[in-house]
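Here's the letter readout for the chains.
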Amino acid sequence: MRFSILSVAVAAATVSCVAATTVAKPEPIPGRYIIELDTSSTVASADQINAVLASAGISANKIQHSYDQVFPGASVRDLTTDDVERLSKVDGVKHVTQVYRRKLHRSAPVILGDSNSVNTARKISRASPAVNASIPEVMKQVHTLTDAIKARDKYKLTGKGIKVGVIDTGIDYTHPDLGGCFGPGCRVAYGYNYATADTKDVKDCDSHGTHVAGIVGAAGKNVAGIAPEVTFGAYRVGDCDGNIAGDDLIVAAIERAVADKMDIITMSISWYGSYPWDPVTVAYKNAMKAGVVAVNGVSNTDGRLYTATTPSTLDGVIAVTAIDNLHQAGSVFTSNIEPGKMFPIDKFAGAAKNDVFFKNVQNTPLIVAKVVADGTRCEVSNLADVAGKVVVFESYDASCGPIAADKIDAAGPKAILYYDSDKGTSQINHDTADKSAIPYLRMWPGVVAPLKDALAKGKQVTINGVAGDHAVPHPTAGQISWYASRGLGADLTLKPNIAAPGGAIYSTIPVAQGSYGQMSGTSMSGPYIAGLAVLYAQKFKGATPAKVHAALQSGARNVMPHYAQATFPGLDSPASVGAGVVNVTNFLNPAQPIFAPSQLSLNDTGRPDFKGTYVKTLRLFNNAGSPASLQWAVMF
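Participant: Which parts of the structure should I look at to understand the nonpolar core?
Facilitator: Nonpolar side chains in soluble globular proteins tend to end up buried together. Of all hydrophobic cores here, the largest spans 72 residues; its most connected members are Phe 232, Ile 264, Ile 318, Ile 529 and Leu 532. Per-element tally for this core: the top contributor is helix α13 (residues 522-539), with ten residues. In this view, Ile 264 contacts Ile 162, Lys 163, Val 164, Gly 165, Val 292, Val 293, Val 295, Ala 530, Ala 533 and Val 534; residues no more than four positions away in its chain are not counted. Counting 36 residues, the second largest nonpolar core, distinct from the first, contains Ile 244, Leu 249, Tyr 284 and Leu 314.

This is the structure in structure tokens:
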């Protein structure tokens, strides 16, 4: 087991600036606001809201959403700046907050395959059953990283009787692995569509929500959902492209999930900027007080520090980062240097179809482009040799690289193979690559290395495109995914809290889109933890959100960092992995020692006067009712 005084961070009055990330810039919606009343209650009556509006000279007809569960207020539309000013001065009004459009975490750039869009699941082709039949079984091995299925089956847990709310793009309830129907008696028994109309039709037309639901609880031969008898609430806030037309819809979805008595909420929506009166934060906080376990992916921001996002940074929310699967499914090629070995392709650009690569690249020679960049020249010295070959391109010179890549593209190669390394980012011209008539193959450096080594020894290297999709070992299996946001939180609280599989996850997608596909992101690791929380709630009746949180962290295992070497294995930072990767054997074991609190953040939050001695009492217990003991040490 791992317990640590996780991080001591000392900050002066400094501001940390972060470059562009995959978190969408918030877009204010003109005239739309959320009113929070100043009350000790978590709800406000219709009479209270109407009275406040009347005092500001605003018609009650402007109410967009009324809240009656975990947020004491309402959202309103078509307000002028004068309306907002008058409203903010009315007695009993605590905050008037602008409504913003939001965006779901999108799947990180898809590992392998023919899609460049981070908005699209990697659909696994069924064109060649003999080749592809092993993919579902191989991809299920992800659960060996956590012991999830082994531990679940040991205790005969299925999630029956537990309800999980998925606030996302809806769920394709027609999918047989998710029950095939919607409404009472179905597995997708609850839900509402806030995205496109006020209706109960929660059917997913994006793919994200259905993929999330499959991770939590798909029941079928192709996907091993964690809780195959869980009941779903599908609260659709995202349209067919994952756009959310206002965070007041998220508050409404949280409210309905609480009203429907969901035990767990999983959400993959986030944004920068954390303040205590954010309406989603207030609603989430009150939902947890009502006993709901809240799980949120920590977001995908290219692995930058201090980029954990709201609402995952809220105290009590289980903020989940992602580790990579043992395998990944998609396109591959073979080579004469290691017959029978499949070399995985990270991503296609250009003529971005597997069949184009398969048809054009058969027994094709491989060559390394010799780029000369000395400040005055930008040449490819062996340009005359690249026609009809697959070219390995490596140039990290920002000015020369794109020019050299364009010259190679024009010289008639069959394909261009490029990769990033510790030297930097490969400087191809992405506009050219996306429009090119030839395939561009982005590769992992470790995949390219044996090919380059063989060429350096004077061997002739040829490669062959392979038809269909295949499950192959993931180059960074079990390590933190490169795109996952790192902590700490803005107030130096520990975020993320826990890690779970999120890279290259095979799950359900809408039937109309192919039924099964692969996505990567903390959007996938969040529902993994939500599924485990379902099992915990079934086994340990009445477990509070705080207890689930503590049990997850207290039994977690260590994670090796990407830079680990045999001579210095090291452990990844808590700012990257929280307490570590969830260990489900420990999590569900009644005798597992549990610390409460399970993390200590040595900051000033909660002590505005900066006075006195900072005292934290650690409670050690278990679910077996027996004495709990362990040995532990703190290392600085």
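Participant: Where do I start with the environment of Asn 589 in this structure?
Facilitator: Mapped onto the elements, Asn 589 comes out in the loop between α16 (584-587) and β28 (594-596). The class for Asn 589 is partly exposed, based on a relative accessible area of 26%. Considering only alpha carbons, one finds Asn 589 and Gly 555, 34 residues apart in sequence, at a separation of 9.3 Å.

Participant: Which parts of the structure should I look at to understand the pattern of salt bridges?
Facilitator: A pair can form between side chains of opposite charge whenever their charged atoms are brought close. Overall, the coordinates contain eleven salt bridges when judged by the stated rule. In this structure, Arg 86 and Asp 83 form a salt bridge, with 2.5 Å as the shortest nitrogen-oxygen distance. You can see Arg 86 and its partner Asp 83 sitting in helix α2 (residues 81-88), three residues apart, about one turn around the helix. Take Arg 86: its relative accessible area is 38%, and that puts it in the partly exposed class. The exposure class assigned to Asp 83 is buried, which follows from its relative accessible area of 8%.

Participant: Can you walk me through the sheet that holds strand β3 (residues 73-76) in this structure?
Facilitator: Two strands in a sheet stick together by hydrogen bonds in their backbones, pointing the same way (parallel) or opposite ways (antiparallel). With antiparallel pairing, five strands are arranged side by side in an open sheet as β2-β3-β1-β4-β9. Either end of the sheet is taken by a strand with one partner, and the two such strands are β2 (63-66) and β9 (243-244). With four bridges connecting them, strand β1 (residues 27-37) and β3 associate as antiparallel partners. The residue bridging Ile 34 from the neighbouring strand is Ser 75, located in β3. Against the sheet, helix α7 (residues 247-259) engages β1, β2, β3, β4 (93-103) and β9, with an angle of about 105° to β4.

Participant: Where do I start with the state of the cysteines in this structure?
Facilitator: Summed over all chains, the structure comprises three disulfides. Linked covalently through their sulfurs, Cys 181 and Cys 186 form a disulfide whose S-S length is 2.1 Å. With the S-S dihedral at roughly -125°, the linkage between Cys 181 and Cys 186 falls on the left-handed side. Linked covalently through their sulfurs, Cys 378 and Cys 400 form a disulfide whose S-S length is 2.1 Å. The S-S bond linking Cys 378 to Cys 400 shows a torsion near 85°; that makes this disulfide right-handed.

Participant: I'm lost on empty space enclosed by the protein in this one. Help?
Facilitator: Over the atoms rolls a probe the size of a water molecule, and in doing so it shows where empty space is left. A complete count under the given rule lists three cavities of 30 Å³ or more for this structure. The calculated volume of the largest cavity comes to roughly 120 Å³. Together, 13 residues line the largest cavity, and Val 142, His 143, Val 223, Ala 224 and Tyr 506 are the ones closest to its centre. Residue assignment for the lining of the largest cavity shows that the elements contributing at least two residues are α6 (208-217) and β26 (505-508).

Participant: Please clarify how the packing of aromatic side chains should be interpreted in this entry.
Facilitator: We describe a pair of aromatic rings using the distance from one ring centre to the other and the angle between the two ring planes. Enumeration over the complete set of coordinates arrives at nine aromatic pairs. Taken together, a centroid distance of 5.6 Å and an interplanar angle of 90° make the contact between Tyr 67 and Phe 71 edge-to-face. Phe 71 sits in the buried class, given a relative accessible area of 1%. Seen from their ring centres, Tyr 506 and Tyr 516 are 6.2 Å apart, and the 25° between their planes marks the pair as stacked. Pair noted here: Tyr 506 is in strand β26 and Tyr 516 is in strand β27 (residues 516-519), with a separation of ten residues, a long-range link. The buried category is assigned to Tyr 506, whose relative accessible area is 8%. Against the face of Tyr 192 rests Arg 256, its NZ or CZ located 3.9 Å from the ring centre. The cationic tip of Arg 619 hangs over the ring face of Phe 621; the distance from NZ or CZ to the ring centre is 4.1 Å.

Participant: What's the story with the side chain of Ser 436 in this structure? I'm lost.
Facilitator: Its place among the elements puts Ser 436 in the loop between α11 (430-435) and β22 (439-443). When its relative accessible area of 10% is taken as the criterion, Ser 436 is described as buried. Of the polar contacts made by the side chain of Ser 436, one reaches the backbone nitrogen of Ile 438; its length is 3.1 Å.

Participant: Sorry, what's going on with the pairing of β27 here?
Facilitator: Sheet faces and side chains relate simply in a regular strand, where the side chains alternate between the two faces. Burial of the side chains of β27 extends over both faces: Tyr 516 and Gln 518 are buried on one face and Gly 517 and Met 519 on the other. The pairing of β26 with β27 spans four bridges and is antiparallel. Across the sheet, residue Tyr 506 finds its bridge partner in β27, namely Gln 518.

Cut-off values and rules
- Residues numbered from 1 in each chain as written.
- Predicted model: local features only at pLDDT ≥ 70, side-chain atom pairs only at ≥ 80, totals over all residues.
- Heavy atoms only, no water.
- Core = buried A, V, L, I, M, F, W, Y, C linked by side-chain atoms within 4.5 Å.
- Buried < 20%, exposed > 50% of the residue type's maximum accessible area, 1.4 Å probe, protein only.
- Helix = DSSP H or I, 4+ residues; strand = E, 2+ residues; numbered from the N terminus.
- Contact = heavy atoms within 4.5 Å.
- Salt bridge = Lys/Arg side-chain N within 4 Å of Asp/Glu carboxyl O.
- Pairing = 2+ DSSP bridges.
- Axes fitted to C-alpha atoms, helices over the stretch in contact; angles between N-to-C directions.
- Disulfide = S-S within 2.5 Å.
- 1 Å grid on protein atoms, 1.4 Å probe; cavity = no way out; pocket = protein on both sides within 12 Å on 5 of 7 lines; lining within 4 Å.
- Points joined across faces, edges and corners; volume = space filled by probe spheres on them.
- Phe/Tyr/Trp six-rings, centres within 6.5 Å; stacked < 30°, edge-to-face > 60°.
- Lys NZ or Arg CZ within 6 Å of the ring centre and 35° of its normal.
- Polar contact = N/O pair within 3.5 Å; in protein donor to acceptor, adjacent residues only side chain to side chain.

None of this, on its own, says anything about what the molecule does.
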